[in-house]
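Commentary on secondary and tertiary structure
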Amino acid sequence: MRSVRLRKLAGILTEMCSMINKMDDADNKMYTCPMHPDVVRDHPGRCPDCGMNLVPTGMPSSEGPYQCPECGLHYNEKEWADKCEVWCKEHKSCNLVITSHAIENNTKTS
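Fair warning: this is a prediction, and the values are worked out from it, not measured in the lab. (Residues numbered from 1 in each chain as written. Predicted model: local features only at pLDDT ≥ 70, side-chain atom pairs only at ≥ 80, totals over all residues. Heavy atoms only, no water.)

Summarising the element assignment, Cys 94 is placed in the loop between α2 (78-91) and α3 (96-99). Note: C-alpha distance between Cys 94 and Glu 70 (24 residues apart in sequence) is 9.4 Å. Not counting residues within four places of it along the chain, the set of residues in contact with Cys 94 comprises Cys 71, Trp 87, Cys 88 and Thr 99. (Helix = DSSP H or I, 4+ residues; strand = E, 2+ residues; numbered from the N terminus. Contact = heavy atoms within 4.5 Å.)

With that settled, the discussion passes to the nonpolar core. By size, the foremost hydrophobic cluster in this structure holds 10 residues: Cys 68, Cys 71, Leu 73, Tyr 75, Trp 80, Ala 81, Cys 84, Cys 88, Ile 98 and Ala 102. Per element, the largest residue contribution to this core is four residues, and it comes from α2. When residues no more than four places from it in sequence are discounted, the contact partners of Tyr 75 are Pro 65, Tyr 66, Trp 80, Ala 81, Cys 84, Ile 98, Thr 99, His 101, Ala 102 and Ile 103. Residues Tyr 31, Cys 33, Val 39 and Cys 47 belong to the second largest nonpolar core, which totals five residues. (Core = buried A, V, L, I, M, F, W, Y, C linked by side-chain atoms within 4.5 Å. Buried < 20%, exposed > 50% of the residue type's maximum accessible area, 1.4 Å probe, protein only.)

Take the pattern of salt bridges next. Evaluation of the coordinates by the stated rule reveals three salt bridges. In this structure, Asp 82 and Lys 78 form a salt bridge, with 3.1 Å as the shortest nitrogen-oxygen distance. In this pair, Asp 82 and Lys 78 are both assigned in helix α2, four residues apart and thus about one turn of the helix distant. Among the residues examined, Asp 82 registers a relative accessible area of 34% and is labelled partly exposed. (Salt bridge = Lys/Arg side-chain N within 4 Å of Asp/Glu carboxyl O.)

Next up on the list: the packing of aromatic side chains. Evaluation of the coordinates by the stated rule reveals zero aromatic pairs. When the ring centre of Trp 80 is taken as reference, the NZ or CZ atom of Lys 83 above it lies at 4.3 Å. (Phe/Tyr/Trp six-rings, centres within 6.5 Å; stacked < 30°, edge-to-face > 60°. Lys NZ or Arg CZ within 6 Å of the ring centre and 35° of its normal.)

With respect to the helices and strands, Thr 99 occurs in helix α3. In this structure Thr 99 touches Leu 73, Tyr 75 and Cys 94, once residues within four positions along its chain are discounted.

Considering every residue of the protein chain, the mean pLDDT works out to 77; 73% of them sit at 70 or more. Scored below 50 in pLDDT, residues 106-110 makes 10 contacts in the model with residues more than four places away or belonging to other chains. (pLDDT = per-residue confidence, 0-100.)

Written as structure tokens, this is what we have:
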């Protein structure tokens, strides 16, 4: 009886692992250049600056990058974009500690 339960459990775990692998294979990643982290794309390709192949960032495309609406900098994490926005609104400038987490040095031009 116990071995039947273990086989059933092993079958369930195998099926779950297969489902996880299929989810990982889905092409919903962001891609960036190893030499130019400010280049971020939602598809594989080549860096427009140096021609190197873009590599997956591990960041799902539906979850980022996040942009500060005040200064235009991009962040992998929403928390840093939010902190940047709050700082920019309050001080009318950028904070070097916060902007050190930016993935793109693209500021607004007005």
